[in-house]
Amino acid sequence: MRQSRIMSMVEAATNVVVGYVLAIATQIVVFPWFGIETGLAEHMAIGLAFVGVSLARGYLLRRLFEAIRMRSAE
């Protein structure tokens, strides 16, 4: 069964949102270990800087693997 492009986007977006929340939590814990002091707004901005790239990466990789799967099924 094929995964539609829309469901690929939903999967990639969900992955990015979960990753974003985990990244913010990780930054809040890890940054002070390195002497980096920032507020929540800065943590969120840093995380947002990577959201677009992560979303595109997840979507494109999912489509690549779907194409590979479809070729092997032929």
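Placed above this text is the structure.
Criteria and thresholds
- Along each chain, residue indices are assigned from 1 in the same order as the chain's sequence is written.
- Two thresholds apply to this predicted model, a pLDDT of at least 70 for residue-level local features and 80 or more for giving and counting side-chain atom pairs, whereas whole-chain, interface and lining totals are computed over all residues.
- The basis for every side-chain value is the complete set of heavy atoms in the structure, and neither hydrogens nor water enter the calculation.
- Helix and strand definitions follow DSSP, with helices as H or I runs of at least four residues and strands as E runs of at least two, each counted in order from the N terminus.
- Every radius of gyration here is taken over C-alpha atoms, with the globule rule written as 2.2 Å times N^0.38, N being the number of residues.
- Think of it in three bands: residues with accessible area under 20% of the maximum for their type are buried, residues over 50% are exposed, and the middle band is partly exposed, with areas taken using a 1.4 Å probe on protein chains only.
- Any two residues whose heavy atoms approach within 4.5 Å at even a single point are treated as in contact.
- Interaxial angles span 0 to 180 degrees and are taken between N-to-C directions of axes, which are lines fitted to C-alpha atoms, for helices over the stretch in contact.
- Angular relationships are summarised with four words: roughly parallel below 35 degrees, roughly antiparallel beyond 145, roughly perpendicular across 65 to 115, and oblique for the angles in between.
- Here a crossing is called left-handed whenever its near helix is offset anticlockwise from the far helix by less than a right angle, and right-handed whenever the offset is clockwise.
- Any residue that is not Ala, Val, Leu, Ile, Met, Phe, Trp, Tyr, Cys, Pro, Asp, Glu, Lys or Arg is counted as polar, Gly included; the first ten are nonpolar and the last four charged.
- Within this document, salt bridges are pairs made up of a side-chain nitrogen of Lys or Arg and a carboxyl oxygen of Asp or Glu, the two lying within 4 Å of each other.
- Grouping into patches uses exposed residues only, defined as over 30% relative accessible area, and leaves out salt-bridged ones; the cut-off is 9 Å for like charges and 5 Å for nonpolar side chains (Val, Leu, Ile, Met, Phe, Trp, Tyr).
- Shrake-Rupley sampling with a 1.4 Å probe provides the accessible areas, and residues are treated as covered by the protein chains on show and by no other component.

Caption draft 1: Quick peek at the overall build of the protein. Across its full length, the protein holds two helices and zero strands. Its C-alpha atoms give the protein a radius of gyration of 16 Å, more than 25% over the compact-globule value 11 Å for 74 residues. On the principal axes, the C-alpha backbone points of the protein span a range of 55 × 20 × 15 Å. Out of the 74 residues belonging to the protein, those deemed buried represent 19%. Contacts in the protein between residues at least 24 apart in sequence constitute 68% of all its contacts with a sequence separation of at least 6.

Caption draft 2: Looking closely at the packing of helix 1 (residues 5–30) against helix 2 (residues 40–73). Where helix 1 contacts helix 2, the axes come no closer than 8 Å and their chain directions differ by 150 degrees. When the interaxial angle is binned, helix 1 and helix 2 end up roughly antiparallel. Crossing angle aside, the handedness with which helix 1 passes helix 2 is right-handed. Considering only residue class, the contact of helix 1 with helix 2 consists of 14 nonpolar, six polar and four charged.

Caption draft 3: Summary view of the pattern of salt bridges. One pass over the full model with this rule turns up two salt bridges. Taking the shortest distance from any N to any O, the salt bridge between R69 and E66 comes out at 2.9 Å. A residue pair is termed a helical-turn pair when its members lie 3 or 4 positions apart in one helix, as R69 and E66 do in helix 2 at three residues.

Caption draft 4: Representation of a nonpolar patch on the surface in the model. Together, I28, V29, W33, F34, I36, L40 and M44 make up a nonpolar patch on the protein surface, roughly 760 Å² of accessible area in all. Every element with two or more residues in the nonpolar patch is listed here: helix 1 and helix 2. On the secondary structure map, M44 appears in helix 2.

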